[in-house]
Amino acid sequence: MKTVVVCLMVFVSCIQYSEQLQNLLNTSMHKCIECLCHARTGCYRRSNCASYSINRTYWETAGYPTLPGDDPNSSASYTRCMGNENCILNTIVGYTSTFNNLDCNCDGTYDCQDMLKLHLFGEQCGSIMDSNQVRRFNNCARMNSLSQMTSNTLCEVDAQ
């Protein structure tokens, strides 16, 4: 009886983890994160973005996104996720979503610009000091029909 219960728990866990990831490839969110990563690293590969920006704590804050069948408590799950583009996308969306769609630039809209600041600074939003990051973000945003960063000034944000 104990074996049946353990097997059932493992089966339910696998189903839960496999349903966790949304397919974000080739979506507008994918384009946004491409620009976010390009601004951060200077290249378009999400794996570089992951190695520069997504540590284990960031991944845990994002809700432990895992590939089908992986256990979020396993150290291998984090490593496998960082090797999978869709899992990286889900990690960034999960992390930035933990701040309740915080409007970092106070323009009344939660968009890719806000996600960039949340990705870089967390709920403090912050002002991007590196003009190369702003330039890279805007070039990518222009190519992907996303709104460009027109102001990088801080505003009063309600972090709820």
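In case you missed it, the structure is sitting above this.
Residues numbered from 1 in each chain as written. Predicted model: local features only at pLDDT ≥ 70, side-chain atom pairs only at ≥ 80, totals over all residues. Heavy atoms only, no water.

On to the pattern of salt bridges, then. Pairs may arise between side chains of opposite charge once their charged atoms sit close together. The final tally for this structure, using the stated rule, is 2 salt bridges. Among the ionic pairs, Arg56 bridges to Glu60, the shortest N-O distance being 3.1 Å. Of this pair, Arg56 and Glu60 both sit in helix α4 (residues 56-61), 4 residues apart, which is roughly one turn of the helix. The class for Arg56 is partly exposed, based on a relative accessible area of 28%. For Asp70, the salt bridge identified is with Arg80, shortest N-O distance 2.8 Å. Of the two residues, Asp70 sits in the loop between α4 and α5 (75-81) while Arg80 sits in helix α5, which places them 10 residues apart along the sequence. Taking the relative accessible area as the measure of exposure, Asp70 reaches 11% and is therefore buried. On the accessibility criterion, Arg80 (43% relative accessible area) is partly exposed. (Salt bridge = Lys/Arg side-chain N within 4 Å of Asp/Glu carboxyl O. Helix = DSSP H or I, 4+ residues; strand = E, 2+ residues; numbered from the N terminus. Buried < 20%, exposed > 50% of the residue type's maximum accessible area, 1.4 Å probe, protein only.)

Its 14 residues give helix α2 (residues 28-41) an end-to-end C-alpha distance of 20 Å, which sits within 8% of 20 Å, the value for a rise of 1.5 Å per residue. Those residues of α2 that fall on the buried side of the exposure criterion are His30, Cys32, Ile33, Cys35, Leu36, Cys37, His38, Ala39 and Thr41. Structurally, α2 contributes buried residues whose contacts are with α3 (46-53), α6 (85-97), α7 (112-121) and α8 (131-143). Just past α2, the residue Gly42 takes up positive phi, approximately 90 degrees. (Expected span 1.5 Å × (residues − 1). Contact = heavy atoms within 4.5 Å.)

Aromatic ring pairs are reported here in terms of the distance separating the ring centres and the angle at which the planes meet. Counted by the stated rule, this structure contains 4 aromatic pairs. Ring centres of Tyr58 and Tyr95 lie 3.8 Å apart, and the angle between their planes is 15 degrees; on these two criteria the pair is classed as stacked. You can see Tyr58 sitting in helix α4 and its partner Tyr95 sitting in helix α6, a full 37 residues away along the chain. Exposure class is identical for Tyr58 and Tyr95. Each is buried. (Phe/Tyr/Trp six-rings, centres within 6.5 Å; stacked < 30°, edge-to-face > 60°.)

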